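What follows is each chain in one-letter form.
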Amino acid sequence: MALLVASVIVVAIQLAEVAFGWSGRTTVWSYVAVLAMNIVVTLAFPAGKARVVRFVQRWLINPPVRLLLHLGLMPLGYALLETTGRRSGKPRRTPVGNGRQGSVFWIVAEHGPRAGYVRNITRDPRVRVRMRVGLRFRWVDGIASVHPELDPVALQLRLSRWHPLRAFNAVQVQVLGSSLLVVHVELAGAGEANAKEPVGVSAES
């Protein structure tokens, strides 16, 4: 998602540079302005930003990504989270970054408690995660819980260490996010046991 948004912005700026004869310095300042605007919008209108991003993800990005993940065609770094709809009772599937550490799967929800899958988890913590296990994709059952006391940025830094794809996912979550929130999933029979809280992830004061 972030790659698409960033690509559109970069292409638009580059086209404007060619069309209007902007200098390289102007392009740099344009990037700075875009990032600054994103920060301002995030701080001033988090709910509005969340609605816009959710709309784009729900109707334009998530459907093809869900299909690719279901077919096992997505690259390393992504997984598919299945929750139970709090109203419909039907399975709801959402692409997420692959934050697996042994028998624990970490997610940083970019829209915090506003995210549909987070609200589903608070109603029914039983989930499934479709992810790459070895060389194949398979579904793994799990129990999810929400942890507002944990620092989502510290968690992302920990998970992204020596993992470029996780680092990219962390960037897109922080760019598009409005209220980051840590979600912990205890996986059943997914491999070796691991600590429930990664080293370096501290509770917020």
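With respect to the environment of Gly 89
Here is step 1: Inspection of the secondary structure puts Gly 89 in the loop between strand E1 (78–84) and strand E2 (91–97).
Here is step 2: Once the C-alpha coordinates of Gly 89 and Asp 124 are considered, the two residues, 35 residues apart in sequence, prove to be 9.7 Å apart.

Section: the sheet that holds strand E3 (residues 100–101)
Here is step 1: Pairing is antiparallel in the open sheet, where 7 strands are placed in the order E2-E1-E5-E6-E7-E4-E3. Each end of this open sheet is capped by a strand with a single partner; those strands are E2 and E3.
Here is step 2: In terms of strand pairing, strand E6 (residues 136–147) meets strand E7 (residues 181–187) through 6 bridges, oriented antiparallel. From the neighbouring strand, Ile 143 faces E7, where its bridge partner is Glu 186.
Here is step 3: Where helix H6 (residues 164–176) meets the sheet, it contacts E1, E2, E3 and strand E4 (104–109), and its direction lies at approximately 55° from that of E1.

What to know about the confidence of the model for the protein chain
A low pLDDT means the predicted coordinates there should not be read in detail.
Here is step 1: Of the residues in the protein chain, 60% have a pLDDT of 70 or more, and the chain-wide mean is 75.
Here is step 2: Mean pLDDT in the protein chain bottoms out at helix H1 (residues 2–20), which sits at 53, and peaks at E7, which reaches 97.
Here is step 3: In the model, residues 192–205 has pLDDT below 50 throughout and makes 37 contacts with residues more than four positions away in sequence or in other chains.

Rules behind the numbers
Residues numbered from 1 in each chain as written. Predicted model: local features only at pLDDT ≥ 70, side-chain atom pairs only at ≥ 80, totals over all residues. Heavy atoms only, no water. Helix = DSSP H or I, 4+ residues; strand = E, 2+ residues; numbered from the N terminus. Pairing = 2+ DSSP bridges. Contact = heavy atoms within 4.5 Å. Axes fitted to C-alpha atoms, helices over the stretch in contact; angles between N-to-C directions. pLDDT = per-residue confidence, 0-100.

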